[in-house]
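# Structural overview
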Amino acid sequence: MAQTHAANRHLGVAGTRDTVDLSELLIQVARGDESSFAKLYDALGPAVYGLARRVIRDPARAEEVAQEVFLQVWQTAARFDPERGRAKSWVMTLAHRRAVDAVRHDQAATDRDRAYDWSSGPDYDEVNETVTIRLEHEQVRRCMEGLTELQREAINLAYYQGYTYTQCAEVLDANTSTIKTRMRDGLVRLRDCMGVAS
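About the cut-offs
Per chain, residues are indexed from 1 in the order of the written sequence. Reporting of local features is limited, given that this is a predicted model, to residues whose pLDDT is at least 70; pairs of side-chain atoms are given and counted only at 80 or more, and all residues count toward the totals for whole chains, interfaces and linings. The basis for every side-chain value is the complete set of non-hydrogen atoms in the structure, without hydrogens or water. Going along the chain from the N terminus, every DSSP run of H or I of four or more residues is numbered as a helix, and every run of E of two or more is numbered as a strand. Buried means the residue's accessible area, taken with a 1.4 Å probe over protein chains only, is under 20% of the maximum for its type, while exposed means over 50%, and partly exposed covers the values in between. Surface exposure here means Shrake-Rupley accessible area, sampled with a 1.4 Å probe, where a residue is shielded only by the protein chains that are shown. To estimate the expected span of a helix, count its residues, drop one, and scale the result by 1.5 Å. Residue contacts are counted whenever heavy atoms from the two residues lie within 4.5 Å of one another. Only Phe, Tyr and Trp rings take part, Trp by its six-membered ring, and two of them pair if their centres are within 6.5 Å. Stacked means planes under 30 degrees apart, edge-to-face means over 60, and tilted covers everything else. Any cysteine sulfur atom paired with another within 2.5 Å is treated as part of a disulfide.

### Here's the deal with the overall build of the protein
Summing up its helical and strand segments, the protein has nine helices and zero strands in all. For the protein, the α and β elements follow one another from N to C terminus as α-α-α-α-α-α-α-α-α. Here the protein, with 198 residues, has 26% of them falling under the buried criterion. For the protein, the computed accessible surface area is about 13800 Å², with 49% contributed by carbon and sulfur atoms.

Shown next, in the form of structure tokens:
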């Protein structure tokens, strides 16, 4: 029976809570009285959590806010003035403000994440990649100019137009083995010109 009474008090079941003067408890909390703080928590904990839960909707986040509220109550209880209002109103105002701040904070964080979402962007530096490719193309063009005409034409047909050795030989009116030799010599010169290790 005693456990049921304590559980009902903790859950804030109407009619089961001892009548407590919340203003007096807050005054005692301001003086550092831990037992008064425990009684205040038992009396207002469910209401604070319920308010936070209604504003925030996420149960775990609402629990965090409720804890933050009671930490704030412990730290700032001296600011409570019983002549300006009721203790429950003061604590619930703290709870509402803290819950609204949590919603605003969470929304701002979500907005920031959306605004600066890099997850769908490229995994590499696109500008660097483009510049590197252009420089490599320019270097290949410059090195191709250093080849003989037959080497340049054979490499151009094979690598840029997809011709086979036989097709290159037909187009250039040359022997297939000559085309192979010219392409091999041309590729060696290209490799040396571009500084690629063999």
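Here the narrative resumes, following the displayed structure.
### What to know about helix H4 (residues 59-76)
The periodicity of an α-helix, 3.6 residues per turn, causes residues three or four places apart in sequence to face the same way. Taking 1.5 Å of rise per residue, 18 residues should cover 26 Å, and H4 covers 25 Å from first to last C-alpha, within 8% of that figure. The set of residues buried in H4 consists of Arg-61, Ala-62, Val-65, Ala-66, Val-69, Phe-70, Val-73 and Thr-76. Where H4 is buried, its residues contact helix H2 (22-30), helix H3 (34-56) and helix H5 (87-115).

### Focus on the packing of aromatic side chains
Taken as a whole and judged by the stated rule, the model has four aromatic pairs. Measuring from ring centre to ring centre gives 6.2 Å for Phe-37 and Phe-70, while their planes differ by 80°; the resulting arrangement is edge-to-face. Remark: Phe-70 occurs in helix H4 and Phe-37 occurs in helix H3; sequence separation between them is 33 residues. In this structure, Phe-37 and Phe-70 share a single accessibility class: buried. Relative to Trp-74, the ring of Phe-37 lies with its centre 5.2 Å away and its plane at 75°, an arrangement referred to as edge-to-face. Taken together, the residues Phe-37 in helix H3 and Trp-74 in helix H4 connect sequence positions 37 residues apart. We classify Trp-74 as partly exposed; its relative accessible area is 32%. Chaining the aromatic ring pairs together yields one cluster made of Phe-37, Tyr-41, Phe-70 and Trp-74.

### Topic: the state of the cysteines
Taken as a whole and judged by the stated rule, the model has one disulfide. A disulfide bridge connects Cys-143 with Cys-193, and the sulfur atoms are separated by 2.0 Å. Of note, the bridge from Cys-143 to Cys-193 carries an S-S torsion of about -80° and is left-handed in sense. Here Cys-143 is found in helix H6 (residues 126-145), whereas its partner Cys-193 is found in helix H9 (residues 176-194), with 50 residues between them in sequence.

So far we have only geometry, and geometry alone does not tell us how the molecule works.
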